[in-house]
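Listed here are the chains, written in short residue letters.
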Amino acid sequence: MICVIGQKPFRTGLFRTTRKYHRTLAKATDTKLIIFEDQPIKQYGKFEGLQRMHEQGAALARKALAPWLLFLENDVAPLPNLVEQLLATGKDIVVPRPEFPQFPAAAVSVFRPQLSMHGVQPCIWSVFSAILFTQHALKVVGSPLFPLFKQEQLVFDYWRSKGIRPYMTFEANVDILELPGGFDRASMHPELDHRLYCGG
């Protein structure tokens with residue numbers, strides 16, 4: 001199952017573009033595509049709104065006994081083989097390497113592997129732009145799957161406390177077409193390399 005999280009408003013050409021990628025990925029994996037609009041964020045605020053969308057998607061995947069659940073934020077443009085690459089790791093929680101085609105300097109600031117940037121590595125934290133859970137992880141972690149923390153690393157710590165270690169694979173990447181909140185667009189211009197660190 002694929003759940004697209006409406007982190008930002010869909011009413012732009014950018015998100016019409018990414019939606020095509022999401023539909024292509026769902027077709028390639030012959031799976032259900034569920035799209036959450038950004039209404040919960042408008043109603044409950046960013047953090048609680050995102051949590052509600054993630055929890056609703058997790059509940060649907062548990063009920064359907066989906067073998068895996070992939071969350072994608074709506075500014076992500078995945079390749080058709082993304083799920084295949086993530087499942088090939090054999091990990092219960094796994095994220096691909098995030099890339100920013102228009103702002104490459106931002107990429108090193110939005111994740112932190114435990115060891116090196118090669119192969120499949122334990123992941124201390126990463127942005128939630130794309131993350132896959134197996135049904136086993138959904139059951140073991142339980143509810144909430146995404147506790148209401150304002151830092152990604154605290155959520156990753158929570159999963160580890162439940163006995164499921166998150167991983168990142170550097171064999172798969174996703175293009176994120178918008179900068180995360182808090183980044184200055186000018187400072188992330190591709191000709192610059194400030195390598196800012198957002199701290200998770």
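Details of the structure are given in the entry above.
Keep in mind it's a predicted model, so treat the numbers as computed, not measured.

Visitor: Tell me about unusual backbone geometry, and name the residues and values.
Guide: Across residues other than glycine, the phi torsion is negative in most instances, and most of the peptide bonds are trans. Note that the residue after Ser143, namely Pro144, is joined by a cis bond; omega there is 10 degrees. Position of Pro144 relative to the elements: it lies in the loop between helix 5 (135-141) and helix 6 (152-161). A positive phi angle, close to 50 degrees, is found at Asp30, a residue other than glycine. Mapped onto the secondary structure, Asp30 falls in the loop between helix 1 (13-29) and strand 2 (33-36). The exposed category is assigned to Asp30, whose relative accessible area is 72%. With phi around 55 degrees, Leu65 is a residue other than glycine that occupies positive phi space. With respect to the secondary-structure elements, Leu65 resides in the loop between helix 3 (46-64) and strand 3 (68-73).

Visitor: Requested: an account of helix 1, with residues and values cited.
Guide: Taking 1.5 Å as the rise per residue, helix 1 with 17 residues should run 24 Å; its terminal C-alpha atoms sit 25 Å apart, in good agreement. Turning to helix 1, its buried residues number three or more, namely Phe15, Thr18, Arg19, His22, Leu25 and Ala26. Across the axial projection of helix 1, the buried residues extend over an arc of 120 degrees, all falling on one side. Away from its buried face, by an angle of more than 90 degrees, helix 1 presents the exposed residues Arg16, Lys20 and Lys27.

Visitor: Requested: an account of the pairing of strand 1 (residues 2-5), with residues and values cited.
Guide: Here strand 1 shows a buried face lined by Ile2 and Val4 and a second buried face lined by Cys3 and Ile5. The pairing of strand 1 with strand 2 spans four bridges and is parallel. Its bridge partner being in strand 2, Cys3 is matched across the sheet by Ile34. Bridge count for strand 1 against strand 3 is four bridges, and the pairing is parallel. Among the inter-strand pairings, Val4 is bridged to a residue of strand 3, identified as Leu72.

Scoring rules and cut-offs
- Residues numbered from 1 in each chain as written.
- Predicted model: local features only at pLDDT ≥ 70, side-chain atom pairs only at ≥ 80, totals over all residues.
- Heavy atoms only, no water.
- Helix = DSSP H or I, 4+ residues; strand = E, 2+ residues; numbered from the N terminus.
- Buried < 20%, exposed > 50% of the residue type's maximum accessible area, 1.4 Å probe, protein only.
- Expected span 1.5 Å × (residues − 1).
- Arc of directions from axis to C-beta.
- Pairing = 2+ DSSP bridges.

Function cannot be inferred from these measures alone, as they are strictly geometric.
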